[in-house]
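Topology and contacts: notes
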Amino acid sequence: MSDEKKDVNSRQENVGKKGINKKLIIAFAGMGAVIVGLVIALILVATSGKKDVDSSASKAESSSAVASETDDSSEEDSEADESEDEPDADEEESSQESKDDKKEKGFIISYSGDNSWQDGDKVMTGMEIGIENNSDEALKEWTLELEIDQLKSCDGWNGNFNVKGNKLTVTNVDYNGEIAKGGSTSIGCNIGTGTKLNVKSAKLNGVECTVKKGKVSQNNNNNNNNQNNDKKTTEKDVKKLLKRTSKAKQGDDWLHTDGSKILDKDGKEVWLTGVNWFGYNTGTNTFDGLWNSELVSSVEAIADHGFNLIRLPISAELINQWSEGEYPKANYNNAYNEELNSMNSLEIFDYFLKLAEENGLKVMPDIHSAETNASGHTVNLWYTDKVTVKDYYHALEWLADRYKDNDTIIAFDLKNEPHGKPNEGDAAAIWNNSKDANNWKYVAETAASKVLAKNPNVLIMVEGIEIYPKNIKKNGDYSSTNSDDYYFNWWGGNLRGVKDYPIDLGKYQDKLVYSPHDYGPTVYQQPWFEGDYTYKSLMKDCWKDNWFYIQEQDIAPLLIGEWGGFMTEPNLTWMTYMRKLIKDNHVNHTFWCFNANSGDTGGLVKDDFVTWDEEKYDFVKEVLWQEGGKFVGLDHAIPLGDNGITLKKAKGL
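Residues numbered from 1 in each chain as written. Predicted model: local features only at pLDDT ≥ 70, side-chain atom pairs only at ≥ 80, totals over all residues. Heavy atoms only, no water.

Across its full length, the protein holds 14 helices and 25 strands. Looking at the protein residue by residue over its 653 residues, the buried ones come to 55%. Contacts in the protein between residues at least 24 apart in sequence constitute 74% of all its contacts with a sequence separation of at least 6. Counting only carbon and sulfur atoms, one obtains 47% of the accessible surface of the protein, whose full area is about 29000 Å². (Helix = DSSP H or I, 4+ residues; strand = E, 2+ residues; numbered from the N terminus. Buried < 20%, exposed > 50% of the residue type's maximum accessible area, 1.4 Å probe, protein only. Contact = heavy atoms within 4.5 Å. Areas by Shrake-Rupley, 256 points an atom, 1.4 Å probe, with all protein chains shown as cover.)

Following this line, the structure appears as structure tokens:
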């Protein structure tokens, strides 16, 4: 019996005791019955409304909703607990209207430039720019005009960049021209100025914009589509989606090294021939391109085209957020990827691993940046003011521990492109026998030991740095600020230090792979591209002394973690020579990249992230591992896509 009904009966009893006549008693009783009926009706309506709110809230769960796979509590208990604290629909609507009122109207341009370096008379800055559309309608295409103090140069991505005086003009590319109402997109560049970076004003499509320095609005063009799903997907469905295939045999695909070779468990030499697909480092919090494509078909396409490994750039910051139970929203096309709508960003990552396994693909996470930032790769070191060295180590440890029983992840690339110039002092990556905070050799060994303590089965990829002393005895502490005292190479591509100070992984030495990066003249006009360069001149002037000697002298295997570019001159000549080096020597590699939105290289897919660039693919196909007209995967039980075979069936190199 309800408390309200108890109170009515009590009042009736007290009235009766005072001797009031029966008619009045009957009248009061009648009124009480009416009141009870009304109260019960109100309770039923409120309860019904409550259920509607719960259902609506469930439908509105975005892909950033928290769902721990280790939670043993029942779904019913979880739903009941959540429903007790649900606001009613009117409160939600009022709250949303209040938020909308506070949101700045018009176009908001945000920018950051946390990493800078000197290049002659220019201050170079890795700049990230966010465009937020808080106007009353969607944009179909856009032109951004920025007035920047002492602007000198700009090389960008995710847009077409043009410098004229102090004005930087950026127009959209095909894949990011439309910005939904309430949506945003991000672009980036390496910008050269005569002074510290300062954006004085901005216009978008001729309209004055609010300019903010600091946190940049990331790609988010779904226009709240996460909340428009007609069908509720329960947690049970998510668990079913994440369930790994029964066809896989866990633990039989771990690899190890012997000299310059990478071998499987049976001693068969393998060839890692993969591709990069970025997005987990940029703020998309999943793969870039899913705003216009499907995750399932994209993974299938990569496998069907014969790539046996995906190098996956990711930020240490995102990994650590996951480890703390925080799940930043993944941005993707909700209509194309409905199965992701009930998953948080970590579950989407797990789902990707499941899809990779089902298609015979292996995965190599790459700590591409400390912070989640599309320009994060321009930061010299593996730590920042926001992400400490301890945070960097923790990210690797957590990821290694979480997936120690999943041999879909067969390797870890410890850090993308450590770099820095002589005049940057402690802010530049060095390679020697010290324990200095900026000594990449020491940090790489420390990071590797932490990963291997969690999972002793994975391969460890160690990239190079940018500079190395010409006289290591006199300048081993990198005290000279004179550029003439150093050998230079691409960021992450200078592994000359291995000759003097090789990486020591102790009992896990057979897990070590060195991983340089190399690019062509369209990325940067290096000295070795001057004049009529040849294969022999590239080998002499760059490749051999920087990293190829490591494989040639049987010190350890190589995996070229990034190489690629446009299929035009002057880049095509270099790409052809690099392909020859890879093919003739079976050098392991991951091509840069799958993404269409790589501004200085282009991608294997076009702007729709669905249509393949057949000319570029045919070029790369020559250095994908094949036997008897079939692509060779790295899984012993599951063949690589529809056009491949298992490692068990392969003869080996």
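Back to the text.
An order of E23-E24-E25 is seen for the three strands of this open sheet, with the pairing classed as mixed. Looking at the sheet topology across the chains shown, the edges are occupied by strand E23 (626–627) and strand E25 (644–645). The sheet contact formed by E23 and strand E24 (residues 630–632) spans two bridges and is antiparallel. Along E24, the bridge assignment pairs Glu-627 with Lys-630. (Pairing = 2+ DSSP bridges.)

The subject of this paragraph is the pairing of strand E13 (residues 273–276). Burial along E13 is two-sided: Thr-273 and Val-275 facing one way and Gly-274 and Asn-276 facing the other are all buried. Inspection of the sheet shows E13 paired to strand E22 (residues 588–591) by three bridges, in the parallel sense. For Gly-274, the partnering residue across the bridge sits in E22 and is Thr-590. Note: E13 against strand E14 (residues 309–315), two bridges, orientation parallel. Counted as the bridge partner of Asn-276 is Arg-311 from E14.

Compared with an ideal rise of 1.5 Å per residue, which puts 14 residues at 20 Å, helix H9 (residues 389–402) spans 20 Å between its outermost C-alpha atoms and is within 8% of the ideal. Among all positions of H9, only Tyr-392, Tyr-393, Ala-395, Leu-396, Trp-398, Leu-399 and Ala-400 are buried. Among the structural elements, helix H7 (316–323), helix H8 (345–358), strand E15 (362–369), strand E16 (411–413) and helix H10 (440–454) are those in contact with the buried residues of H9. (Expected span 1.5 Å × (residues − 1).)

Burial within H7 is extensive, with seven of its eight residues counted as buried. Here H7 has its buried residues at Ala-316, Glu-317, Leu-318, Ile-319, Asn-320, Gln-321 and Trp-322. Packing partners of the buried residues in H7 comprise E14, H8, E15 and H9. Gly-325 sits one or two positions beyond H7 and adopts a positive phi of about 80°.

Our focus in this paragraph is the nonpolar core. Counting 143 residues, the largest nonpolar core has Leu-414, Trp-431 and Tyr-514 as the members making the most contacts within it. If you tally residues by element for this core, the top one is helix H12 (residues 535–552), at nine residues. Those residues in contact with Leu-414 that sit more than four places away from it in its chain are Ile-367, Tyr-392, Leu-396, Trp-440, Ala-444, Ala-447, Ala-448, Val-451, Ile-460, Met-461 and Val-462. Among the nonpolar cores identified, the runner-up in size contains 24 residues, and Ile-109, Tyr-111, Leu-146 and Val-199 belong to it. (Core = buried A, V, L, I, M, F, W, Y, C linked by side-chain atoms within 4.5 Å.)

Moving on, we get to the environment of Gly-188. Within the element layout of this structure, Gly-188 appears in strand E7 (residues 184–193). A relative accessible area of 0% places Gly-188 in the buried class. When the C-alpha atoms of Gly-188 and Gly-599 are compared, they prove to be 9.1 Å apart, with 411 residues separating the residues in sequence. The residues touching Gly-188, leaving out its near neighbours within four places in the chain, are Met-127, Glu-128, Gly-156, Trp-157, Phe-161 and Ser-375.

A few words now on the packing of aromatic side chains. Within this structure, the stated rule accounts for 28 aromatic pairs. In this structure, Lys-450 packs its charged tip against the face of Tyr-393, placed 5.3 Å from the ring centre. The ring centre of Tyr-535 lies 5.3 Å from the NZ or CZ of Lys-580, which sits over that ring. (Phe/Tyr/Trp six-rings, centres within 6.5 Å; stacked < 30°, edge-to-face > 60°. Lys NZ or Arg CZ within 6 Å of the ring centre and 35° of its normal.)

Before going further, it helps to examine the layout of surface pockets. In this structure, the second largest pocket occupies an estimated 1200 Å³ of space. In terms of lining residues, the second largest pocket is bounded by 43 residues, among which Asn-190, Trp-490, Trp-491, Val-523 and Tyr-524 are the most central. For the lining of the second largest pocket, the secondary-structure elements that each account for two or more residues are strand E1 (106–119), strand E2 (122–134), strand E4 (151–157) and E7. Looking at the lining of the second largest pocket residue by residue, the classes come out as 14 nonpolar, 19 polar and 10 charged. (1 Å grid on protein atoms, 1.4 Å probe; cavity = no way out; pocket = protein on both sides within 12 Å on 5 of 7 lines; lining within 4 Å. Points joined across faces, edges and corners; volume = space filled by probe spheres on them. Nonpolar A, V, L, I, M, F, W, Y, C, P; charged D, E, K, R; others polar.)

Here we come to the sheet that holds strand E5 (residues 160–164). Ordered by their spatial adjacency, five strands build an open sheet running E5-E6-E3-E8-E9, and the pairing between neighbours is antiparallel. Both edges of this open sheet fall to E5 and strand E9 (207–208), since each of them pairs with a single strand only. Pairing geometry for strand E3 (residues 143–148) and strand E8 (residues 199–204), over five bridges, is antiparallel. Counterpart to Leu-146 in the pairing with E8 is Ala-202.

Before going further, it helps to spend a moment on the packing of H12 against helix H13 (residues 571–585). As a packed pair, H12 and H13 sit with axes 12 Å apart at the nearest point and diverge in direction by 45°. Between H12 and H13, the angle falls in the class oblique. Between H12 and H13 lies a crossing of right-handed hand. Counting all contacts with H12, which are made through Tyr-535, Leu-538, Met-539, Trp-543, Trp-547, Phe-548 and Gln-551, the residues of H13 involved are Trp-574, Tyr-577, Met-578, Lys-580, Leu-581 and Asn-585. Of the residues assigned to the contact of H12 with H13, the class counts are 10 nonpolar, two polar and one charged. (Axes fitted to C-alpha atoms, helices over the stretch in contact; angles between N-to-C directions. Parallel < 35°, antiparallel > 145°, perpendicular 65-115°, else oblique. Left-handed = near helix turned anticlockwise from the far one by under 90°.)

A separate point is unusual backbone geometry. Geometrically, the link from Glu-569 to Pro-570 is a cis peptide bond, its omega value of 10° lying close to zero. Residue Cys-593 is reached from Trp-592 by a cis peptide bond, and omega for that bond is 0°. Despite not being glycine, Asn-205 has its phi angle at roughly 50°, a positive value. Structurally, Asn-205 can be placed in the loop between E8 and E9.

With that settled, consider the environment of Pro-570. Note on placement: Pro-570 falls in the loop between strand E21 (559–560) and H13. Judged by its relative accessible area of 41%, Pro-570 is partly exposed. For the pair formed by Pro-570 and Phe-529, sequence separation is 41 residues and the distance between their alpha carbons is 9.3 Å. Those residues in contact with Pro-570 that lie beyond four places of it in its chain are Pro-521, Thr-522 and Tyr-533.

Following the criterion strictly, the structure yields 25 salt bridges and no others. Its salt-bridge partner being Lys-140, residue Glu-178 comes within 3.6 Å of it at the nearest N-O pair. One end of the pair, Glu-178, is in the loop between strand E6 (167–171) and E7; the other, Lys-140, is in the loop between E2 and E3, with 38 residues separating them in the sequence. Put simply, Arg-311 and Asp-413 hold a salt bridge, and the shortest N to O gap is 3.0 Å. (Salt bridge = Lys/Arg side-chain N within 4 Å of Asp/Glu carboxyl O.)

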